[in-house]
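So you can see what is in the structure, the chains are spelled out below.
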Amino acid sequence: MTTASARKIGPVLATFVVANNMIGSGFFLLPATLAKSGGVTAIAWLLGTVLAVVLGGAFARLAREYPHMQSPDDYVRPALGRDMGFLATTLYWLSSWMGNNAIAVAAFGYLVLLLPIGDSQTVRLFGQIGLIWLMFALNLLGPRSIARFQSFCVVFGLLPVVAVLTAGWASFDPALYRSAWNVTEQSDVSVVFSSLAPIFWAFVGLETGAMVAGVVEDPDRNVPRATLGGIAIAGLVYLVSSVLMMGIVPAAEMAASGAPFALVAGKMFGAWAIPIIAAAAALKATGTLGGWMLVTGESGARAAQRGMLPSLFGRLRSNGSAGWGLLVIAASMTVLAFVSSSDTVANQFEFLIGIVVILVVMAYIAAGLSLLLGTRAKPSGTRERMLGMGALIACGLLVYSTPVDTLVGAMIVVLLAWAAWRGFGRRREARA
């Protein structure tokens, strides 16, 4: 895609895009999921941040090696071939739009606290669908509009949260935190590793600076800056909030909540603070949803231009938005919302993020292999091999921490996608 420089985004906006895509639904819902394990998950946050930095370093290096990359295929195919380029591109695309559903779940989980309606499964379902189509409409305005909306959501969505994270230490109870250090019957090491996969959902988005390089000014310099800067911001916010919240609300009460951050605010300041924090959380998660739809539209357009998706996904509007592709994606997300609907917010969220994390990790594996192996034109040096090996080790730990049934489901998706490519994709290539 050739985008006029007037429509491109600079390093600050690009960093906000990366950070906003990570500080989203995981920030506002994962505390409830992790409270089932206890405060020991703070170690998992530290380890997850390290893994994210390693993977972010790999993508930053790839952005320098391929400064004009617009799709995983750009750096995977030269090293691993067209089939692997297809799999990395389509798995990333699938994970991005499926993950949007989890973000919509989190956003409406808080938004429903502000509305004069009951909190039922049906209400949540249609609320999620409404948010999906609202963000679809906003994305039709173009990448600069959605980047500005994200920046607004980061600032105004996180301001009340920053107030909680700052003032919350006055309510922090070290004894409460210690008492809920490990509320499972497993060892600390087992809990840390079993928590890695859900925690890494919060860092999915570390690669988005590279994936939207086509709309970033001077991508060979600004994409690495945005990637590592976004990870640093997200890692710090997650670690601080995780420790703080576990020391304010008992683990069992936190685990049962559908809006844990609002619960913490209520404990600190009283009932009046709950709607304020709920509004901030809903705004922040909605901004993340809009940003991920931008990424999904961009990655789908790149895949279509390479013949990996139907040409419909590659049709761009004059402002650079992938209108027709986003229409199909929004419709697919609507179907997935019906399929994944559950009796609780936490159950639906956990189901969706389990699938998304393992799909995106498979795309990360291809990135690590590309750096490790290099190509004849771009042979791997010591730094590339170290970053590639580090990325593969990080991915291996994430795969190890994933439940077997989720791994099996992901492998089925991979095999079906590859079979479709070998059949339909190759025949279409031959006709061309």
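Residues numbered from 1 in each chain as written. Predicted model: local features only at pLDDT ≥ 70, side-chain atom pairs only at ≥ 80, totals over all residues. Heavy atoms only, no water.

Named according to an unreviewed UniProt entry, the protein is Arginine/agmatine antiporter originating from Luteimonas notoginsengisoli. Heading Sequence similarities (unreviewed entry) of the UniProt record for the protein holds this comment: "Belongs to the amino acid-polyamine-organocation (APC) superfamily. Basic amino acid/polyamine antiporter (APA) (TC 2.A.3.2) family." If you open the UniProt record of the protein and go to Subcellular location (unreviewed entry), you find "Cell membrane". (UniProt positions renumbered as here; feature names shortened; annotations may be inferred.)

Draft legend 1. Highlighting the side chain of Asn-139. By the secondary structure assignment, Asn-139 is in helix α6 (residues 121-139). The exposure class assigned to Asn-139 is buried, which follows from its relative accessible area of 3%. Excluding its chain neighbours within four sequence positions, the residues that come into contact with Asn-139 are Ile-146, Gly-290, Met-293, Leu-294, Ser-321 and Leu-326. (Helix = DSSP H or I, 4+ residues; strand = E, 2+ residues; numbered from the N terminus. Buried < 20%, exposed > 50% of the residue type's maximum accessible area, 1.4 Å probe, protein only. Contact = heavy atoms within 4.5 Å.)

Draft legend 2. Spatial organisation of a nonpolar patch on the surface. A contiguous nonpolar patch, built from Leu-113, Leu-114, Leu-115, Ile-117 and Ile-274 and spanning about 360 Å² of accessible area, is present on the exposed surface. Its place among the elements puts Leu-115 in the loop between α5 (82-111) and α6. Look at Leu-115 and you get partly exposed, because its relative accessible area is 33%. (Patch = residues over 30% accessible without salt bridge, like charges linked within 9 Å, V, L, I, M, F, W, Y side chains within 5 Å. Areas by Shrake-Rupley, 256 points an atom, 1.4 Å probe, with all protein chains shown as cover. Salt bridge = Lys/Arg side-chain N within 4 Å of Asp/Glu carboxyl O.)

Draft legend 3. Molecular detail of the packing of aromatic side chains. Applying the stated criterion across every chain yields a total of 16 aromatic pairs. Aromatic pair Phe-59 and Tyr-364: ring centres 5.5 Å apart, planes at 70°, arrangement edge-to-face. Taken together, the residues span a long stretch of sequence, with Phe-59 in helix α3 (residues 41-65) and Tyr-364 in helix α16 (residues 345-373) at a distance of 305 residues. When sorted by exposure, Phe-59 lands in the same class as Tyr-364, which is buried. Grouping aromatic residues by their ring pairs yields a cluster made of Trp-45, Phe-59, Tyr-75, Phe-200, Phe-203, Tyr-238 and Tyr-364. (Phe/Tyr/Trp six-rings, centres within 6.5 Å; stacked < 30°, edge-to-face > 60°.)

Draft legend 4. Structural view of the nonpolar core. Core analysis: the biggest nonpolar cluster contains 138 residues, and Phe-27, Phe-200, Leu-206 and Phe-261 have the highest contact counts within it. In terms of residue count, α5 provides more of this core than any other element does, 17 residues in total. Beyond its immediate stretch of four places on either side in the chain, Phe-261 contacts Phe-27, Phe-28, Tyr-110, Val-161, Val-164, Leu-165, Ser-241, Met-245 and Ile-277. (Core = buried A, V, L, I, M, F, W, Y, C linked by side-chain atoms within 4.5 Å.)

Draft legend 5. Geometry of helix α14 (residues 273-305). With 33 residues, α14 should cover 48 Å at 1.5 Å per step; its first-to-last C-alpha distance of 49 Å lies within 8% of that length. Across the 33 residues of α14, 27 count as buried, placing the element largely inside the fold. (Expected span 1.5 Å × (residues − 1).)

Draft legend 6. Spatial organisation of empty space enclosed by the protein. Scanning all chains against the criterion turns up 3 cavities of 30 Å³ or more. By volume, the second largest cavity is sized at about 90 Å³. Together, Gly-26, Phe-27, Pro-31, Leu-34, Thr-41, Trp-45, Tyr-238, Ser-241, Ser-242, Met-245, Met-246 and Met-254 line the second largest cavity. Elements with a contribution of two residues or more to the lining of the second largest cavity: α2 (25-34), α3 and α11 (219-246). Per-element accounting of the lining of the second largest cavity gives the leading share, 5 residues, to α11. Looking at side-chain class alone, the lining of the second largest cavity contains 8 nonpolar, 4 polar and no charged residues. (1 Å grid on protein atoms, 1.4 Å probe; cavity = no way out; pocket = protein on both sides within 12 Å on 5 of 7 lines; lining within 4 Å. Points joined across faces, edges and corners; volume = space filled by probe spheres on them. Nonpolar A, V, L, I, M, F, W, Y, C, P; charged D, E, K, R; others polar.)

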